[in-house]
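Each chain, letter by letter, is given below.
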Amino acid sequence: MTMDRSRDVSQPVERLSGNERLKAASRRLRGDIVEGLADPVTGGISPEAQQLLKFHGSYQQDDRDLRDERRRQKLEPAYEFMVRVRLPGGVCRPDQWLKLDELARTYANGTLRLTTRQTFQFHGILKRDMRKTIQGMNQVLLDSIAACGDVNRGVMCSINPHLSALHQQVYELAKATSEHLLPRTRAYHEIWLEQEPVAGSGEEEEPIYGPTYLPRKFKIGFVIPPENDVDVYTQDLGFIAIVENGKLEGFNVTVGGGMGRADNEPGTYPRLADVAGFIRPDQVVRVAEEVVKIQRDYGDRVDRKHARFKYTIDDRGLDWFKDEIASRLGWRLEEPRPFVFTTNGDRYGWAQGDDGCWHYTLFVENGRVKDTADLQLMTALRTIAAVHEGEFRLTPNQNLIISRIKDTARARIQSLIEAYGLDSTVRRSVLRRNSMACVALPTCALAMAESERYLPQLVTKLEKVMAEHGLAEEPIIVRMTGCPNGCARPYVAEIAFTGRAPGKYNVYLGGGFHGQRLNRMLLENVGEPVILETLTPIIARYAKERVPGERFGDFVIRAGIIREVKEGRDFNG
Amino acid sequence: MAVVHCIPGKQPLLVTKPDASSQTWTGPLSPEQAAQLEALVGTLTAEQALWVSGYLAGYNARARVAAPATAVVPTAQPVTILYASETGNAASLAKKLNERAKAKGLATKLLDIADYRVKDLKGERFLVVVTSTQGEGEPPTSAADFYEFLHGRKAPRLEGLKFAVLGLGDSTYEHFCQTGKDIDTRLEALGAVRMVERVDCDVDYEAPATGWIDRLLDQLVRELPPAEAKIVAFPHVAAPAVAAEPLYDRTNPFQATVLENLRLTGRGSSKEIRHVEISLEGSGLTYEPGDSLGILPQNDPELVGELIASLGLEGRPDLQEALGRDYEITTLTGRFLAGWAELSGAKALKELVADPAAQKAWLHGREIIDVVSAFPVPGIDAATFTGLLRKLPPRLYSLASSQAANPDEAHIVVSTVRYDSHGRSRKGVASTMLADRVRPDDTLPVYINANRHFRLPTDPDAPIVMIGAGTGVAPYRAFMQEREERGAKGRSWLFFGERNFRTDFLYQVEWQRWLKDGVLSRIDLAFSRDQAEKVYVQHRLLERAAELWAWLEEGAHLYLCGDAEQLAPDVHAALLRIVAEQSGRGPEQAAEYLKTLQREGRYQRDVY
Ligand code: SRM
Ligand SMILES: Cc1cc2nc3c(=O)[nH]c(=O)nc-3n(C[C@H](O)[C@H](O)[C@H](O)COP(=O)(O)OP(=O)(O)OC[C@H]3O[C@@H](n4cnc5c(N)ncnc54)[C@H](O)[C@@H]3O)c2cc1C
Ligand SMILES: Cc1cc2nc3c(=O)[nH]c(=O)nc-3n(C[C@H](O)[C@H](O)[C@H](O)COP(=O)(O)O)c2cc1C
Ligand code: SF4
């Protein structure tokens, strides 16, 4: 097989996409960010700087609620910045929580956003407060390096509260992988932490990435069965922990997952990862590096819509990948080991780990930590963080675990949970607790419809339908995104909605309950009335016709309501 | 004798029949004489024409009375009328006086006090000064030189001079009509003789000013009987120094349609600043950048209702209308307080009236409604009440548009006045009318208030430095529009300040565009509340001292617009420091430097 190298890093940068040229000329991700920060006439930075800013974990956004109003007011859009913390595995200490909480209230919009990749986002930071925010994070040893951009992103890790020792082991690997794959440029330190440039500034060696970094974002997740909370099949690179006799033997390696797609562009599609082989724990970091380098060398750098690793895998085939990685490692991946997933949702409330520590999983609707009239969530968590001696874990479903509570501290935490009514959150309906929405409006520049602000209302309506058909206790995975990019991993949900226009969504059915199957589009570009009209009889049939234990996603396929999607390339078929 | 209509310098002399038939008519002159006269008049400046007209009139009068054998050129000693005005009120009264004086056959010379050569003072015989007071009891900028000269060591003795002063002010200011008082006192101290008592006009100045003009004219006619005076007999000669009167003015406003009325400050702002566009279509009104728009406001009907109720005068639609439209029903004056103390017999009020310092403190944040409801006067009749009120004065707003760029439109920027005091929510009359009650398609009574002391340099290549905060940015938007429209090449530099960048950067996208297109060369911004320490425009000026000085030395014109109380003195102090430090001048010479700039029209201020 001859290898087509016309679109990858082997080509002169002039033949590649504009972003490639930008990266190459950026002096290792510096560009004119500093100049942009200093420009007092605008709250924003240059378009080029905006692209580079992503590598520093931040996006320039604007409050879209105000866009039109401000245009008429002869004001520029309300530019503000989103900052995403790099938090491998979603684990953070109470003092870190307190700092983030303080920064959110001082410089951001007074909320913290727990993301689908287990980290925090600040929204609404003004340009002039960016350095202060990042320096504040630095005080508690947090950063936002490579939280976005064409690099390896935040590394996910199952939160599994029960298997404490195992979690610790896997988490350490996730963290080591994240550290190992960090870019080496000191741009972040110079720009944000205002550290003096050292010799070679702007020309730092990037041994893993090279001067143009990756063709596109790259995502890694570690999962501990039987929970597939990290949706490992949606990761570019996944590690499925294989535990035999209570001992971590190693990991099955998965490659080529991804969600992002675009409407009316059949060349783009979500794809579930393939299991490529098995490796030992001490081989993880090395394998991760080599997989990243394969994508660096072969990923499409001409068309950014076709630049994710999933397309590299589909275009060249899994066997090619296995050979390629073997040649780089000098050894072949072993045969994958068996494993079983049962769910991808979180379990709420108290759980005890095998080390005797306690963990309390809270339901945080769509990950938004804030104070409302009904629930003083942000205040409650601040109060808890002030006395908590364990850690916090952010779940891949935008929820939160107050983790590693000693037996002796449990009563105190419990009384705070009750005092602030946090226990009420875990008693919300199962449908709601299994729902997830991306951020979308008003901050996300790509949103075409509401998501975080709308899904709760739609769920209320669906709850009613479910209850009417005696399904109040039946979990169904429901996910919504404001656009087809798929930030809430909608294409593996049993019911999914992706935004098309204000109030209008595509509706998908048939995803696998534990993330093992893609769903398929049922309705295109419809509003709430049609959504409810269509879903109600399907839910009614599910109530009547399901076989015991049958998941909704499986039922709609068996009942012929939707055709099963066998692989990514079949998604648009 | 013939009536000569003459607009010197512009048009040829037309000698026409009084019945306005189109046929040229030379009257008693031979065609040759007429041609000579026409040739002469065609070369005259405005002032010369006026002088010649006086000369001929005097010649004629003398010939009738004394029939001298030879024609002597009389030393014309017209009545010199000076006005010192910031917003045009004093100017318009001076013009009115001038016209009526001419109609009475008096020779007059009307001048903006800024254009008056102080060394002429010694030779004057009749001097009339109409002046407003600005700042905290200070003279209008245009009168600075005159005022200083008059009060300085070099002021001449003025024994031969007869004078009269009309003061304009606002009785809610501590130093009411101070400049009028100062000039009046000083002229007397220099030996001049007062013809009529000075009058200190409040904001409803029309009636007292008219009374004063009547008395002055009577006195002038007595002093200068037409028979022996050097008197003009051409009542129809247009006052040449004065531009053609606009069709519409403060007493006869144009009913303009509102085109746009929106909030400029973004959501979350602590300020409510609005952008209002009106149509001047069909009005014939013209303006230049630097002028302002006068608006005749109306009172809040709710407040009117409340006031009527607390007076116990309900059920009087005429009163409702009058209080809504004609009278100032918010601002408390000393006169009102005194009158009400009398009517109510309230001891507390009487004590306040007797103690000016206490009164001043008490008045702060209080309005008529507070007095009327706290000290009721049962059975009061409407006329007694309105008798204590002032007329509702128009409000001025700097034009934020260039007519060259927006023919038929006028834009203004209005900061809405709202505050709470003494348990009530207060609303600025005009600004909240615009904010709360005026919508697009409504009409607003407006006029143009020219301000020739705030003008772009005539040289389009001259650099300009524009300093303003808040609504003070308005004229600079007009400047930029004008310079862009005219393709002016001069460099420009804006210093702008407000509270918060995100919400209060007025016309942000326009400045960004002008900056990008090079119409604006530089911009420095001061947002006072975006950081712990307060930063204002004067701080930015100081930061840029060296460059600013370089600009000044290269001939830049300096403009300052906005708040009179805080901004203006602070910026002025910063400028003094910059000049002193950058040029090595002492404080006095620095002040002199700025004064020279001011005199040359290179440092212009529009503060309110
Ligand atoms: C915050 C978060 C959603 C949430 O509700 O939690 C999020 C938010 C955004 N995502 Fe995402 N993505 C988030 C997880 C995901 C996931 C899920 C995952 O990775 O597990 C996906 C699908 C998986 C994948 O990558 O295929 C995802 C696929 C995208 C894409 C589509 C990528 C593609 O291959 O086509 C974009 C757009 C792009 O990259 O061009 C995107 C872009 C964005 C941006 C940055 C919008 C932008 O580019 O201007 C969103 C910022 C919105 C805001 O205002 O905060 N986001 N995004 C998640 C942050 C994760 C993190 O902590 O790193
Ligand atoms: C030449 C010139 C140009 C101007 N240009 C502009 C312009 O471009 N934009 C603009 O907005 N304005 C401008 N002004 C000011 C404008 O004319 C009005 O004075 C202003 O809008 C207030 O009018 P108002 O009728 O709303 O308030 P008013 O009813 O006149 O009330 C204002 C009065 O309320 C009192 N007051 C206000 N705040 C408080 C407080 N916190 N506590 C106690 N008392 C208070 C003060 O006595 C103040 O004088 C200009 C003025 C001049 C003279
Ligand atoms: C910034 C400012 C300061 C003023 N200060 C005084 C003052 O100290 N004393 C006073 O009597 N009037 C004061 N006035 C009121 C004016 O004198 C009054 O409005 C007058 O009618 C203006 O006349 P003009 O248009 O000829 O300048 C002030 C007005 C402004 C805008
Ligand atoms: S899915 Fe689309 S709308 Fe939602 S956060 Fe991601 S990019 Fe924005």
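Residues numbered from 1 in each chain as written. Chains lettered and ligands numbered in written order. Predicted model: local features only at pLDDT ≥ 70, side-chain atom pairs only at ≥ 80, totals over all residues. Heavy atoms only, no water.

## Examining the overall build of chain A
Thought 1: Per the secondary structure count, chain A includes 17 helices and 20 strands.
Thought 2: Taken against the 2.2 N^0.38 rule, which gives 25 Å for 573 residues, the C-alpha radius of gyration of chain A at 23 Å falls within 12% of a compact globule.
Thought 3: Overall, the C-alpha framework of chain A stretches about 65 × 55 × 55 Å when taken along its three principal axes.
Thought 4: With 573 residues in all, chain A has 63% of them scored as buried.
Thought 5: By sequence separation, contacts in chain A at least 24 residues apart represent 68% of the contacts at least 6 residues apart.
Thought 6: Accessible surface, chain A: about 20900 Å² in total, of which carbon and sulfur atoms supply 50%. (Helix = DSSP H or I, 4+ residues; strand = E, 2+ residues; numbered from the N terminus. Rg over C-alpha atoms; globule rule 2.2 N^0.38 Å. Buried < 20%, exposed > 50% of the residue type's maximum accessible area, 1.4 Å probe, protein only. Contact = heavy atoms within 4.5 Å. Areas by Shrake-Rupley, 256 points an atom, 1.4 Å probe, with all protein chains shown as cover.)

## Concerning the interface of chain A and chain B
Thought 1: Taken together, the contact between chain A and chain B spans 19 residues of the former and 22 residues of the latter.
Thought 2: Summed over both partners, the interface of chain A with chain B comes to about 1700 Å²; 51% of that surface belongs to carbon and sulfur atoms.
Thought 3: For the chain A face of the interface with chain B, the top three residues by lost area are A:Val41, A:Gln73 and A:Lys74, together amounting to 40%.
Thought 4: Where chain A touches chain B, the interface holds three salt bridges.
Thought 5: Measuring nitrogen to oxygen at the nearest pair gives 2.8 Å for the salt bridge that ties B:Arg502 to A:Glu80.
Thought 6: Where chain A packs against chain B, one counts 13 residue pairs in polar contact (both at pLDDT 80 or more).
Thought 7: Here the element with the most residues in the side of chain A that touches chain B is helix H4 (residues 67-72) of chain A; it accounts for three residues.
Thought 8: Taken together, the residues of the side of chain A that touches chain B sort by class into seven nonpolar, three polar and nine charged. (Buried area = accessible area lost by both parts, 1.4 Å probe. Salt bridge = Lys/Arg side-chain N within 4 Å of Asp/Glu carboxyl O. Polar contact = N/O pair within 3.5 Å; in protein donor to acceptor, adjacent residues only side chain to side chain. Nonpolar A, V, L, I, M, F, W, Y, C, P; charged D, E, K, R; others polar.)

## Concerning the site of ligand 3
Residue and element names in this part refer to chain B.
Thought 1: Surveying the vicinity of ligand 3 reveals 21 residues, the closest of which are Ser85, Thr87, Ala90, Thr133 and Gly135.
Thought 2: At 2.5 Å, a side-chain N or O of Ser85 approaches an oxygen atom of ligand 3.
Thought 3: Between Glu86 and ligand 3, the recorded distance is 2.7 Å, taken from a backbone N or O atom to an oxygen atom.
Thought 4: Relative to its unbound accessible surface of 640 Å², ligand 3 loses 91% to contact with the protein.
Thought 5: Here the residues of the shell around ligand 3 are counted per class, giving seven nonpolar, 11 polar and three charged. (Near = heavy atom within 4 Å.)

## Brief notes about the UniProt feature "domain: Nitrite/sulphite reductase 4Fe-4S" (unreviewed entry) in chain A
Thought 1: UniProt records the feature "domain: Nitrite/sulphite reductase 4Fe-4S" (unreviewed entry) at residues 177-332 of chain A, using the numbering of this structure.
Thought 2: Along residues 177-332 of chain A one finds 28% helix and 17% strand; the C-alpha atoms at either end are 20 Å apart. (UniProt positions renumbered as here; feature names shortened; annotations may be inferred.)

## A short note on the coordination of the iron atom of ligand 1
Thought 1: In this structure the iron atom of ligand 1 is ligated by exactly one protein donor, A:Cys487 (SG), at 2.2 Å.
Thought 2: Tracing the sequence through the fold places A:Cys487 in the loop between strand E17 (478-481) and strand E18 (495-501). (Donors = N, O, S within 2.8 Å, 3.2 Å for Na, K, Ca; no water.)

## Here we look at the pairing of strand E12 (residues 358-362) of chain A
Along any regular strand, the residues point their side chains to alternate faces of the sheet.
All names here are of chain A.
Thought 1: Burial runs high along E12: five of the five residues are buried.
Thought 2: Burial of E12 is two-sided: the residues Trp358, Tyr360 and Leu362 facing one way and the residues His359 and Thr361 facing the other way are all buried.
Thought 3: Bridge count for strand E11 (residues 349-352) against E12 is four bridges, and the pairing is antiparallel. Residue pairing in the sheet places Gln352 in a bridge with Trp358 of E12. (Pairing = 2+ DSSP bridges.)

## Concerning the packing of aromatic side chains
Thought 1: Scanning all chains against the criterion turns up 41 aromatic pairs over all chains.
Thought 2: Seen in terms of ring centroids, B:Phe454 and B:Tyr559 are 5.3 Å apart; in terms of plane orientation they differ by 70°. Their pairing is edge-to-face. One end of the pair, B:Phe454, is in the loop between strand E16 (443-449) and strand E17 (464-469); the other, B:Tyr559, is in strand E20 (residues 557-562), and 105 residues separate them in sequence. The exposure classification of B:Phe454 matches that of B:Tyr559, with both residues buried.
Thought 3: Here the aromatic residues B:Phe454, B:Tyr476, B:Phe479 and B:Tyr559 are joined through ring pairs into a cluster of three or more.
Thought 4: The ring of A:Trp320 carries A:Arg316 above its face, with NZ or CZ at 5.5 Å from the centroid.
Thought 5: Geometry around B:Trp493 places B:Arg522 over its ring, the cationic atom sitting 4.2 Å from the centre. (Phe/Tyr/Trp six-rings, centres within 6.5 Å; stacked < 30°, edge-to-face > 60°. Lys NZ or Arg CZ within 6 Å of the ring centre and 35° of its normal.)

## Details of the pattern of salt bridges
Thought 1: If you walk through the whole model with that rule in mind, you get 106 salt bridges over all chains.
Thought 2: The residue A:Glu550 makes a salt bridge to A:Arg558 at a minimum N-O spacing of 2.6 Å.
Thought 3: Relative accessible area serves as the criterion here: at 9%, A:Glu550 is assigned to the buried category.
Thought 4: B:Glu482 is the salt-bridge partner of B:Arg486, the closest N and O atoms lying 2.7 Å from each other. In this pair, B:Arg486 and B:Glu482 both sit in helix H15 (residues 474-486), four residues apart, roughly one turn of the helix.
Thought 5: With relative accessibility at 11%, the residue B:Glu482 sits in the buried group.
Thought 6: Each of A:Glu244, A:Lys247, A:Glu249, A:Arg280, A:Glu334 and A:Arg337 takes part in salt bridges that share partners, so that together they form one network.

## Structural notes on the sheet that holds strand E1 (residues 58-62) of chain A
Sheets are built from strands paired through backbone hydrogen bonds, the pairs being either parallel or antiparallel.
Residue and element names in this part refer to chain A.
Thought 1: Across the sheet, which stays open at both edges, the five strands sit in the order E1-E2-E5-E4-E13 with antiparallel pairing between neighbours. Two strands in the sheet have a free side with no partner beyond their single neighbour: E1 and strand E13 (368-369).
Thought 2: Against the sheet, helix H6 (residues 130-139) engages E1, strand E2 (79-84) and strand E5 (120-125), with an angle of about 155° to E5. (Axes fitted to C-alpha atoms, helices over the stretch in contact; angles between N-to-C directions.)

## Some thoughts on the UniProt feature "binding site: [4Fe-4S] cluster" (unreviewed entry) in chain A
All names here are of chain A.
Thought 1: The residues that UniProt annotates with the feature "binding site: [4Fe-4S] cluster" (unreviewed entry) are Cys438, Cys444, Cys483 and Cys487. The annotated residues occupy 50 residues of the chain but converge on a single region, no pair of C-alpha atoms lying more than 11.0 Å apart.
Thought 2: Along the polypeptide, Cys438 turns up in the loop between strand E16 (435-437) and helix H15 (455-468).
Thought 3: With relative accessibility at 9%, the residue Cys438 sits in the buried group.
Thought 4: For Cys438, the contacting residues outside a window of four places in its chain are Arg113, Ser451, Glu452, Met480, Thr481, Gly482, Cys487 and Ala488.
Thought 5: Other than its neighbours up to four places away in sequence, Cys487 contacts Thr116, Cys438 and Thr481.

## Here's the deal with the packing of helix H9 (residues 284-298) of chain A against helix H11 (residues 318-329) of chain A
Residue and element names in this part refer to chain A.
Thought 1: The interhelical angle for the contact between H9 and H11, taken along N-to-C directions, is 120°, at an axis separation of 10 Å. The orientation of H9 relative to H11 falls into the category oblique. Like other packed secondary-structure pairs, H9 and H11 cross with a definite hand, here right-handed. Facing Arg286, Val287, Glu290, Val291, Lys293, Ile294, Arg296, Asp297 and Tyr298 of H9, the residues of H11 in contact are Trp320, Phe321, Glu324, Ile325, Arg328 and Leu329.
Thought 2: When its residues are assigned to classes, the contact of H9 with H11 shows eight nonpolar, no polar and seven charged. (Parallel < 35°, antiparallel > 145°, perpendicular 65-115°, else oblique. Left-handed = near helix turned anticlockwise from the far one by under 90°.)

## A closer look at the sheet that holds strand E19 (residues 504-509) of chain A
Residue and element names in this part refer to chain A.
Thought 1: What the five strands build is an open sheet, ordered E16-E17-E18-E19-E20; its pairing is mixed. Looking at the sheet topology across the chains shown, the edges are occupied by E16 and strand E20 (520-526). Neighbour-to-neighbour, the strand axes of this sheet turn through a mean angle of 15°, independent of strand direction.
Thought 2: Alignment of E19 against E20, held across four bridges, turns out to be antiparallel. Residue Tyr508 lies in a different strand from E20, and its bridge partner there is Met521.
Thought 3: Sitting on the sheet, H15 is in contact with E16, E17 and E18, with an inclination near 155° to E16.
Thought 4: In the packing of helix H16 (residues 528-545) onto the sheet, contacts are made with E18, E19 and E20, and the angle to E20 comes to roughly 150°.

## Notes on the nonpolar core
Residue and element names in this part refer to chain A.
Thought 1: Membership of the largest hydrophobic core comes to 102 residues, with the highest contact counts inside it found for Trp97, Phe120, Phe122, Phe222, Phe239, Phe251 and Phe321.
Thought 2: Per element, the largest residue contribution to this core is seven residues, and it comes from H9.
Thought 3: Ignoring any residue separated from it by four or fewer positions in sequence, one finds Trp97 in contact with Cys92, Leu112, Phe120, Val369, Leu381, Arg382, Ala385, Phe392 and Leu400.
Thought 4: Core analysis: the second largest hydrophobic core is formed by 33 residues, Leu431, Ala449, Tyr454 and Met466 among them. (Core = buried A, V, L, I, M, F, W, Y, C linked by side-chain atoms within 4.5 Å.)

## Thoughts on the site of ligand 1
All names here are of chain A.
Thought 1: If you check the shell around ligand 1, you find 29 residues, and the closest are Thr115, Lys219, Thr443, Cys487 and Arg489.
Thought 2: Cys444 is positioned such that a nitrogen or oxygen atom in its backbone is 3.4 Å from an oxygen atom of ligand 1.
Thought 3: Looking at side-chain class alone, the shell around ligand 1 contains nine nonpolar, 12 polar and eight charged residues.

## Observations concerning the state of the cysteines
Residues and elements named next belong to chain A.
Thought 1: All chains considered together, the criterion is met by zero disulfides over all chains.
Thought 2: Summary of cysteine pairing: Cys148 is not part of a disulfide, and the nearest cysteine sulfur, belonging to Cys487, is at 10 Å.
Thought 3: Judged by relative accessible area, which is 0%, Cys148 ranks as buried.
Thought 4: Here Cys357 stays unpaired: no disulfide links it, and the sulfur of Cys92, its closest cysteine neighbor, is 16 Å away. (Disulfide = S-S within 2.5 Å.)

## Quick notes on helix H4 (residues 144-151) of chain B
All names here are of chain B.
Thought 1: Those residues of H4 that fall on the buried side of the exposure criterion are Phe146, Tyr147 and Leu150. Buried positions in H4, seen along its axis, are confined to an arc of 95° and lie on one side of it.
Thought 2: As for H4, its buried residues are in contact with strand E3 (79-84), strand E5 (126-132) and helix H5 (178-189). (Arc of directions from axis to C-beta.)

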